[in-house]
Number of protein chains: 2
Amino acid sequence: MKTSEKNIERLLLYRRILISFKNIGKTNIYSKQLASLADSTPAQVRRDIMSIGYSGSPVHGYDLEKLIDSISEFLDSNNLQKVALVGLGHLGRSIIDYFQGRRPKLMIAAVFDRDPDKIDRVMHGCRCYSNEKILKVIPKENINIAIIAVPASGAQDVADLLVQAGIKGILNYAPVKLTLPPDIYVENRDMILAVEKVAYFARKITTEGSST
Amino acid sequence: MKTSEKNIERLLLYRRILISFKNIGKTNIYSKQLASLADSTPAQVRRDIMSIGYSGSPVHGYDLEKLIDSISEFLDSNNLQKVALVGLGHLGRSIIDYFQGRRPKLMIAAVFDRDPDKIDRVMHGCRCYSNEKILKVIPKENINIAIIAVPASGAQDVADLLVQAGIKGILNYAPVKLTLPPDIYVENRDMILAVEKVAYFARKITTEGSST
DNA sequence: AACATATTGTGAATAAATTCACAGCGTTAA
DNA sequence: TTAACGCTGTGAATTTATTCACAATATGTT
Ligand SMILES: NC(=O)c1ccc[n+]([C@@H]2O[C@H](COP(=O)([O-])OP(=O)(O)OC[C@H]3O[C@@H](n4cnc5c(N)ncnc54)[C@H](O)[C@@H]3O)[C@@H](O)[C@H]2O)c1
Ligand SMILES: NC(=O)c1ccc[n+]([C@@H]2O[C@H](COP(=O)([O-])OP(=O)(O)OC[C@H]3O[C@@H](n4cnc5c(N)ncnc54)[C@H](O)[C@@H]3O)[C@@H](O)[C@H]2O)c1
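Keep in mind the model is a prediction, meaning the values are calculated, not measured.

1. Observations regarding the pattern of salt bridges
Thinking step 1. Tallied over the full model, the rule gives 30 salt bridges over all chains.
Thinking step 2. A salt bridge links Arg16(A) to Asp190(B); the nearest nitrogen and oxygen atoms lie 2.9 Å apart. Here Asp190(B) lies in the loop between strand E9 (185-188) and helix H8 (191-209) and Arg16(A) lies in helix H1 (residues 5-23), a pairing that spans two chains.
Thinking step 3. The class for Arg16(A) is partly exposed, based on a relative accessible area of 24%.
Thinking step 4. The exposure class of Asp190(B) is buried, given its relative accessible area of 7%.

2. Digging into the protein's contact with DNA strand C
Thinking step 1. In the vicinity of DNA strand C, 20 residues are found, and the nearest of them are Ser31(B), Ser55(B), Gly56(B), Pro58(B) and Tyr62(B).
Thinking step 2. When the atoms of DNA strand C within 4 Å of the protein are grouped by moiety, sugar and phosphate amount to 57% of the total.
Thinking step 3. Between Arg46(A) and DNA strand C, the recorded distance is 3.3 Å, taken from a side-chain N or O atom to a base nitrogen.
Thinking step 4. Separating a phosphate oxygen of DNA strand C from a backbone N or O atom of Gly56(B) is a distance of 2.5 Å.
Thinking step 5. Of the residues that constitute the surface near DNA strand C, the class distribution is six nonpolar, eight polar and six charged.

3. A short note on the relation of the copies chain A and chain B
Thinking step 1. When chain A is brought onto chain B, the operation consists of a screw motion whose angular component is 180° and whose axial shift is 0.0 Å, with 0.0 Å RMSD remaining. What the superposition gives is, in effect, a two-fold axis relating one chain to the other. When each C-alpha of chain A is compared by its distance to the rotation axis, His90(A) comes out closest, at 2.5 Å.
Thinking step 2. Here 100% of the contact residues of chain A are again contact residues in chain B; the copies associate through an equivalent surface.

Thresholds applied
Residues numbered from 1 in each chain as written. Chains lettered and ligands numbered in written order. Predicted model: local features only at pLDDT ≥ 70, side-chain atom pairs only at ≥ 80, totals over all residues. Heavy atoms only, no water. Salt bridge = Lys/Arg side-chain N within 4 Å of Asp/Glu carboxyl O. Helix = DSSP H or I, 4+ residues; strand = E, 2+ residues; numbered from the N terminus. Buried < 20%, exposed > 50% of the residue type's maximum accessible area, 1.4 Å probe, protein only. Near = heavy atom within 4 Å. Polar contact = N/O pair within 3.5 Å; in protein donor to acceptor, adjacent residues only side chain to side chain. Nonpolar A, V, L, I, M, F, W, Y, C, P; charged D, E, K, R; others polar. Least-squares fit on C-alpha atoms with pLDDT ≥ 70 in both. Contact = heavy atoms within 4.5 Å.

Below, the structure is given as structure tokens:
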């Protein structure tokens, strides 16, 4: 079963769409509908669903509940997967606020910051520790992924510590390339690059449109 | 000249890397070095650079300054391109704080929120307006891209307003699919999907590693 | 001036991703 | 019963993206 990064991204998106579709009372969906909701094509949707081994009915399309379950079985861990967050500034606070309680199999189980004012504060049920506790808390809580929301200057050090503590995947919001062992999965999310991209395509649209 | 979305993303990343490479005193770079900094391959780097019409020297590789300029000429607007931000919560504040002043050709020129407490506050030199001013301020300031950082429930309405005001590109942080005219470029950035993706690959790494 | 060297630029080959197109199927209607 | 329908599942075709591989080249060296 060959599943690329893009495949996984689409499946995650499908699941979110399917859940909200189910929440408005639907019980099934056709590849055409899902494609249109996901800005994709029916053939792409069918291929993706095929790749996880689920199949629908030619008459009713896909059963929402079963499809959601299949995707979840494919994508999720059986157990709860715990997440650490480092950096409790504006971004960190926004993240914890938005994330916590939204996904059944994922939870932010520990927060770290180096600012003494923040240490020991409790947010959404999880206490903020000082960075020195990273090596202790992460293995103890069995956390294997982390979100970095500290300024660029501190990110590499934090990442090194996290890896030392046993983290296997990092979602990095700091604008630096982290240098880490090859068996650590890193996803970078930089807002500036994203705005630049939007700026490029927005401009492209406007200049193309005016050349009629 | 066929430049795909991925192309643009890589060029933006190269530029950032090149700038920081220049800042540590270097004057030139080889495709091999840039590839390793960008987690890419030398051939990919050369192809990408070829696609913008720049060429280097077989002996000294690429001249940093000239390459940065070529990429910028290709990617950037000649004029300043203005950005609107809607939603001045934790996320919005983090965004403005991080973004403002970082890119020479881009600036957040107006901020909107519907909370009366926030209206008329000034942050990083830009005043926060009420949503009602969107239709007035955006055309007046000639803003053509926007960042949405409001809760999911308000995002579609805000997006509709923005489009009506003349926005051509949107960076959307709210977890909803925006339904908009086809000539509007939308980039969605959802943290939950990103964490889920990291969770998947982190797990995959750990389980694969243990099957030796 | 001739040679050695290391890297670029790029056509060609390969690999990966997407789309096409249609057989097969369960359901409904007559 | 039979026919018609509209959708899925998927092999094959196509398109897009990446990598290979090597001639061309600018410079340093003798
Ligand atoms: N990728 C994005 O989309 C995006 C958006 C906004 C900000 N950012 C980045 O995220 C960073 C944080 O943004 P913010 O708005 O929350 O900033 P902030 O200043 O509000 O918060 C930073 C927090 O990190 C803590 N911190 C600093 N160094 C630390 C370290 N070494 N270890 C642990 N904690 C540390 C500080 O005490 C503070 O609480 C910014 O510096 C910026 O680089 C990224
Ligand atoms: N994509 C991501 O990575 C990510 C991360 C965190 C949060 N979020 C999303 O972003 C939203 C904002 O996060 P936050 O932490 O800043 O929340 P917040 O509650 O701190 O701020 C929300 C702000 O939006 C304003 N607002 C609400 N509705 C509005 C409307 N219709 N028009 C204008 N302003 C409006 C509020 O007054 C408030 O200032 C969250 O609801 C969440 O959906 C996304």
